[in-house]
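Now for the letters of each chain:
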Amino acid sequence: MRLSSKRSYFFGFFAAVLTLLPLFLLVLWSVSKKWQYPGLWPQEIGLKIFKQMINEPSFLPASLNSLLIASITTLISLLIAVPAARYFAFQTILSQRLIEVLIYLPLILPAIAVITSSQVLFLQLHLTGTFSGIILIHTYLCLPYAMQVLLASYRQLGEGYSLTAESLGANSWSIFWQITWPLLRPGMTTAASLVFIVSFSQYLPTFFIGGGRILTLPLVLLPYANNGRFGLASAYSLVFLGCTMLGVFVFKKAIGGIQRGTKR
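Residues numbered from 1 in each chain as written. Predicted model: local features only at pLDDT ≥ 70, side-chain atom pairs only at ≥ 80, totals over all residues. Heavy atoms only, no water.

Under the definition given, this model contains 13 aromatic pairs. Seen from their ring centres, Trp173 and Trp177 are 5.6 Å apart, and the 65° between their planes marks the pair as edge-to-face. Of this pair, Trp173 and Trp177 are both found in helix α8 (residues 172-200), four residues apart, which corresponds to roughly one turn of the helix. On the accessibility criterion, Trp173 (62% relative accessible area) is exposed. Put simply, the rings of Trp173, Phe176, Trp177 and Trp181 touch in pairs and so form one group of aromatic residues. (Phe/Tyr/Trp six-rings, centres within 6.5 Å; stacked < 30°, edge-to-face > 60°. Helix = DSSP H or I, 4+ residues; strand = E, 2+ residues; numbered from the N terminus. Buried < 20%, exposed > 50% of the residue type's maximum accessible area, 1.4 Å probe, protein only.)

Take a look at the structure:
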């Protein structure tokens, strides 16, 4: 037991270092006013980079656009995934292995091929350079994540509770809100968090379908990282991290905070 406990502490400490070290470096780069070789630490520290980032005209629109697109994508993905996952979990026509292949198909196909071919279609539909086009392509790429999580949740839940309630005279609406929703809430929270994070971090779909008209944080962040402007890239990365944590927190509160059914 002692050896096992020591190993657990060691792996926990190692995981914490791997998680916190990149974050520490991001903070260090974002507050460094002067950091020259061969110094291991910045020669001058200040908030100049953060002030420069906030004063950039693209900062606020990119942040708000990212939050808006990821939030709408998450809501649409959940609205589609909840009934679809329930049907695929309990149907007996197709094999479960085939269903999983169909769900993962958008992720198996090369992303660049899907995006470029979608761009041709979106040009014909006049969806390029619009929020609707970006949200649509994000939903296509994020829906498999929500489907897989909710499919596993429905399989674990089973049909026993619903069939019992139906035999006692409950209608479909009452069964969903009083039984299915409370039991499905952990899976819904996980699916919403995953979809929000994936949508928030999309670069290529937003770049191609948006046509450079709609800026998001990944579109603003990546050029700074590629051009060696690590201070601004780190500052934007911290904002990126904060926005994703905020979005995940809001969805967890919105889904987990609605108390329906019997509380145990």
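Take the pattern of salt bridges next. The full count for this structure, using the stated rule, is one salt bridge. Close ionic contact of Glu100 with Arg155 constitutes a salt bridge, the shortest N to O distance being 3.2 Å. Of this pair, Glu100 sits in helix α4 (residues 96-108) while Arg155 sits in helix α6 (residues 131-157), and the two are 55 residues apart along the sequence. (Salt bridge = Lys/Arg side-chain N within 4 Å of Asp/Glu carboxyl O.)

Interpretation of this model should avoid reading the predicted coordinates in detail wherever pLDDT is low. Averaged over the chain, the pLDDT score is 84; the fraction of residues at 70 or greater is 92%. For residues 258-264, every residue scores under 50 in pLDDT, and the model assigns this stretch eleven contacts once sequence neighbours within four places are set aside. (pLDDT = per-residue confidence, 0-100. Contact = heavy atoms within 4.5 Å.)

The next point concerns α4. The terminal C-alpha atoms of α4, which comprises 13 residues, lie 17 Å apart, in line with the 18 Å expected from a rise of 1.5 Å per residue. If you look at α4, its biggest bend is around 30°, right at Leu102, and the proline Pro106 turns up within four residues after that. Inspection of α4 places Ile99, Ile103 and Pro106 among the buried residues, and these make up the whole buried set. Of the surrounding secondary structure, the elements contacted by the buried residues of α4 are α3 (59-90) and α6. (Expected span 1.5 Å × (residues − 1). Bend = angle between axes of the 7 residues up to and from the residue.)

Note on placement: Gly160 falls in helix α7 (residues 160-167). Expressed as a C-alpha distance, the spacing of Gly160 and Phe59, which sit 101 residues apart in the sequence, is 51 Å.

Before going further, it helps to spend a moment on the environment of Gly210. Here Gly210 shows up in helix α9 (residues 204-210). When near neighbours in sequence (up to four residues on either side) are disregarded, Gly210 contacts Gly129, Ile134 and Pro205.

A surface patch of nonpolar side chains, about 1,100 Å² in accessible area, is lined by Tyr87, Ile93, Leu94, Leu98, Val101, Leu102, Tyr104, Leu105, Leu107, Ile108, Leu109 and Tyr140. Residue contributions to the nonpolar patch peak at seven residues, all from α4. (Patch = residues over 30% accessible without salt bridge, like charges linked within 9 Å, V, L, I, M, F, W, Y side chains within 5 Å. Areas by Shrake-Rupley, 256 points an atom, 1.4 Å probe, with all protein chains shown as cover.)

Take the nonpolar core next. Counting residues in each nonpolar core, the largest one holds 43 residues, and the members touching the most others are Met53, Leu78, Leu150, Met188, Phe200, Leu217 and Tyr236. At the level of elements, α2 (48-55), α3, α4, α6, α8, α10 (217-226) and α11 (230-256) are the ones that each hand at least two residues to this core. Broken down by element, the residue count for this core peaks at ten residues, all from α11. What Met53 contacts, discounting residues up to four positions off in sequence, is Phe59, Leu232, Ala235, Tyr236 and Val239. The next biggest cluster of nonpolar side chains, apart from the first, holds eight residues, and it includes Ile69, Phe122, Leu141 and Ile209. (Core = buried A, V, L, I, M, F, W, Y, C linked by side-chain atoms within 4.5 Å.)

Bringing unusual backbone geometry into the picture now. For residues other than glycine, phi is negative in most cases, and the peptide bonds are mostly trans. Non-glycine residue His126 carries a positive phi angle of around 60°. Relative to the helices and strands, His126 is located in the loop between α5 (111-124) and α6. For His126, a relative accessible area of 68% translates into the label exposed.

Describing two packed helices takes the angle between their axes plus the distance from one axis to the other. Where α2 contacts α11, the two axes come as close as 9 Å, and the packing angle between them is 70°. On the basis of their axis angle, the class for α2 and α11 is roughly perpendicular. Here Ile49, Phe50, Gln52 and Met53 of α2 lie close against α11, whose contacting residues are Gly231, Leu232, Ala235, Tyr236, Leu238 and Val239. For the contact of α2 with α11, the per-class residue count stands at eight nonpolar, two polar and no charged. (Axes fitted to C-alpha atoms, helices over the stretch in contact; angles between N-to-C directions. Parallel < 35°, antiparallel > 145°, perpendicular 65-115°, else oblique. Nonpolar A, V, L, I, M, F, W, Y, C, P; charged D, E, K, R; others polar.)

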